[in-house]
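Each chain, written out:
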Amino acid sequence: MAARWLSATVLLLAPSHGVDSYMPQTTAVHRGTPRPRRMVDVMGATVAGSTPNAVESEAAPRGNAITDRHVETFVINLPKDTGRLEKVTNELSSQGLNHFTTEGVAVAGKDLPKAELRRRATAMARVFATPGMIGCYLSHVECWRRTLAATDPNARADARADAAAGEAPGASGRYSLIFEDDVVLQPDFRKRAAAAVAELEADPEVGPTWDVLMLGALGCVHPEGKHGLNRINSFISGGGRRARRVTERIYVPRRPYGCHAYLLSHRGAAKLMARASLANWHVDGVAWGIRDLNLYCVAPLLAHQAFVDPSTLGATMRGLEARIPRVIVDEYTKVDLQWTFNEPIIKLGPLPVTMTIGRCLGAIIAGYLLSALTHSRRLLVGHTILTLVCCTLVRVLCRPAAASEGVRAAGCRTAPPVV
């Protein structure tokens, strides 16, 4: 019984991420084989020196698009992780998603110059976030920036269709698809995702204003409200929503985590860039906690994370921590015990120590056991205060922060360092 309680408890504080520090890479995927691709900018112009490919032309239909509003697919991958790249390539191509972009998306957090780090991450992040957490965050920021550019209604020819229909530019809801490299897709992913988008956009209330549609998620995301102890995670991190069903396939999740698969609209990209362009903590802990972000989730989930490899955000896999069994502790999101137990929460400032979920839980339990064994009220009070301070720190780290417009533009134009 105690083991089952612990298995469920270590799930509580688990932010979900599949990648660590990133660096640029250019990859196109066709039937599972990397090959040169023709890069197209938001105006449809070919990037000099690239390889022609009619499939990638703006005039040609996008064979791997979910709907005609789907303008780009991004995959975040660490170039040295060729095994992950091969797996995600096969995963996407098996679902007909044969083309994706990684060029310039990835940011190597551990190799950012100090001046760049100060410009693109908050002071709190520089103290308490691991380099991998910062790299992951800024990689998603780059996806948001590129989505904002690629879906700009004033920069695309289909803005004329909006004008002819008497609609404001961008009313047609263009969006990008963003994956991390450990994503696992469910059967008929494209067909089911297209049906979910159609339902979402057909709804007169939410269709014109949706920002994010999560295709995979962790945390308090069960469509029937079966969140269990995950509610503690929602309470600690804040940013919870009133869960409600919108359509048959779409609902508002209470407090989601996870960035392994989501659709991002032009409106959503604009909000995220305006509110959360500075790295502060885990990207999903910050971004998905913005309450005025119109965020929705599909039911059932169409993507999960492959928890085969340890988290590359700074997870510790040594000694006993590497012996934790890979037992699934949440059937709905497919989270396993070992991955969750070793997910980093905070870095202890300049010290070479990272507190993972398992270490945090172990410290909390040990403190209360020691208080009980020594019958020390002073120790009990002190340990409780320390625990509350740590929980408050997490709540503070979940607050979004954004740079000024000029700093934001300068930061995004700076090429990530190459390892």
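Rules of the game
Residues numbered from 1 in each chain as written. Predicted model: local features only at pLDDT ≥ 70, side-chain atom pairs only at ≥ 80, totals over all residues. Heavy atoms only, no water. Helix = DSSP H or I, 4+ residues; strand = E, 2+ residues; numbered from the N terminus. Buried < 20%, exposed > 50% of the residue type's maximum accessible area, 1.4 Å probe, protein only. Contact = heavy atoms within 4.5 Å. Areas by Shrake-Rupley, 256 points an atom, 1.4 Å probe, with all protein chains shown as cover. Patch = residues over 30% accessible without salt bridge, like charges linked within 9 Å, V, L, I, M, F, W, Y side chains within 5 Å. Salt bridge = Lys/Arg side-chain N within 4 Å of Asp/Glu carboxyl O. Expected span 1.5 Å × (residues − 1). Axes fitted to C-alpha atoms, helices over the stretch in contact; angles between N-to-C directions. Parallel < 35°, antiparallel > 145°, perpendicular 65-115°, else oblique. Left-handed = near helix turned anticlockwise from the far one by under 90°. Nonpolar A, V, L, I, M, F, W, Y, C, P; charged D, E, K, R; others polar. Arc of directions from axis to C-beta. Phe/Tyr/Trp six-rings, centres within 6.5 Å; stacked < 30°, edge-to-face > 60°. Lys NZ or Arg CZ within 6 Å of the ring centre and 35° of its normal. pLDDT = per-residue confidence, 0-100. Polar contact = N/O pair within 3.5 Å; in protein donor to acceptor, adjacent residues only side chain to side chain.

Visitor: So what about the overall build of the chain? Which residues, and what values?
Guide: Check the secondary structure of the chain and you find 14 helices and 17 strands. By residue count, 54% of the 419 residues in the chain fall in the buried class. Within the chain, contacts between residues at least 6 apart in sequence are counted, and of these 78% link residues at least 24 apart. Accessible surface, the chain: about 18000 Å² in total, of which carbon and sulfur atoms supply 60%.

Visitor: Any details on a nonpolar patch on the surface? Residues and values, ideally.
Guide: Taken together, the side chains of Leu348, Leu351 and Val353 present a nonpolar region at the surface, about 220 Å² in accessible area. Along the chain, the position of Leu351 falls in the loop between strand S16 (344-347) and strand S17 (354-356).

Visitor: I'd like to hear about helix H5 (residues 131-150), residue by residue, with values.
Guide: In this model H5 runs 28 Å from its N-terminal to its C-terminal C-alpha over 20 residues, within 8% of the 28 Å that 1.5 Å per residue would give. Counting buried positions along H5 yields 15 of 20 residues, so the element is predominantly enclosed.

Visitor: Just give me the short version of the packing of helix H12 (residues 357-374) against helix H13 (residues 377-397), but keep the residues and values in it.
Guide: Contact geometry of H12 with H13 gives a least axis separation of 9 Å together with a crossing angle of 165°. As judged from the angle between their axes, H12 and H13 are roughly antiparallel. In terms of crossing hand, the pair formed by H12 and H13 is left-handed. On the side of H12, the interface is formed by Ala363, Ile364, Gly367, Tyr368, Leu370, Ser371 and Thr374, while H13 contributes Leu379, Leu380, His383, Thr384 and Thr387. Residue composition of the contact of H12 with H13, by class: 6 nonpolar, 6 polar and no charged.

Visitor: Run through helix H8 (residues 230-237), naming residues and quoting values.
Guide: Listing the buried residues of H8 in full gives Asn230, Asn233, Ser234, Ile236 and Ser237. The arc that holds the buried residues of H8, viewed along the axis, is 165°, so those residues lie on one side. Residues of H8 that are buried sit in contact with strand S7 (218-220), strand S10 (255-257), strand S14 (328-330) and H13. Looking at the residues trailing H8, positive phi occurs at Gly238, about 75°.

Visitor: So, the pattern of salt bridges: which residues are in play, and what are the values?
Guide: In the structure shown here, the tally under the stated rule is 13 salt bridges. Across the salt bridge formed by Glu205 and Arg244, the nearest N and O atoms sit 3.8 Å from each other. Of the two residues, Glu205 sits in the loop between helix H7 (189-202) and strand S6 (212-214) while Arg244 sits in strand S8 (residues 244-245), which places them 39 residues apart along the sequence. Taking relative accessible area as the criterion, Glu205 reaches 55% and is therefore assigned exposed. Here Asp336 ties to Arg326 by a salt bridge, and the two come within 3.3 Å at their closest N and O atoms. With Asp336 in strand S15 (residues 335-336) and Arg326 in the loop between strand S13 (303-305) and S14, this residue pair connects regions lying 10 residues apart in the sequence. A relative accessible area of 5% places Asp336 in the buried class. Residues joined by salt bridges that share partners form a network here, namely Glu116, Arg119 and Arg120.

Visitor: Got a sec to walk through the packing of aromatic side chains? Specific residues and values, please.
Guide: The full count for this structure, using the stated rule, is 4 aromatic pairs. Residues Phe179 and Phe189 carry aromatic rings whose centres are separated by 6.0 Å and whose planes lie at 50° to one another, so their mutual orientation is tilted. Of the two residues, Phe179 sits in strand S4 (residues 175-180) while Phe189 sits in helix H7, which places them 10 residues apart along the sequence. With relative accessibility at 0%, the residue Phe189 sits in the buried group. A cation over an aromatic ring shows up here: Arg255 above the ring of Tyr257, its NZ or CZ 4.8 Å from the ring centre.

Visitor: Mind laying out the confidence of the model for the chain, listing which residues take part and the relevant values?
Guide: Summary statistics for the chain give a mean pLDDT of 78 and a share of 73% for residues scoring 70 or more. Within the model, pLDDT remains below 50 along residues 156-172, and this stretch shows 22 contacts once partners closer than five positions in the same chain are excluded. Across residues 406-419, confidence stays below pLDDT 50; counting only partners more than four residues off in sequence or on other chains, it has 30 contacts.

Visitor: Which residues make up unusual backbone geometry, and what values go with them?
Guide: Keep in mind that most residues, glycine aside, have a negative phi and that most peptide bonds are trans. With an omega of -5°, the peptide bond running from Ala299 to Pro300 counts as cis. Among the secondary structure elements, Pro300 is positioned in the loop between strand S12 (295-298) and S13. Positive phi values are uncommon outside glycine, yet Asp188 reaches one of about 60°. Its place among the elements puts Asp188 in the loop between strand S5 (183-185) and H7. Taking the relative accessible area as the measure of exposure, Asp188 reaches 51% and is therefore exposed. Its identity is not glycine, yet His375 carries a phi of approximately 55°, on the positive side. On the secondary structure map, His375 appears in the loop between H12 and H13.

Visitor: Report on the side chain of Arg255, specifying residues and quantitative values.
Guide: The residue Arg255 is located in strand S10 in this model. Within the structure, Arg255 has its side chain in polar contact with the backbone oxygen of Gly238 (distance 2.6 Å). Among the polar contacts listed, one links the side chain of Arg255 to the backbone oxygen of Gly285, at a separation of 2.6 Å.

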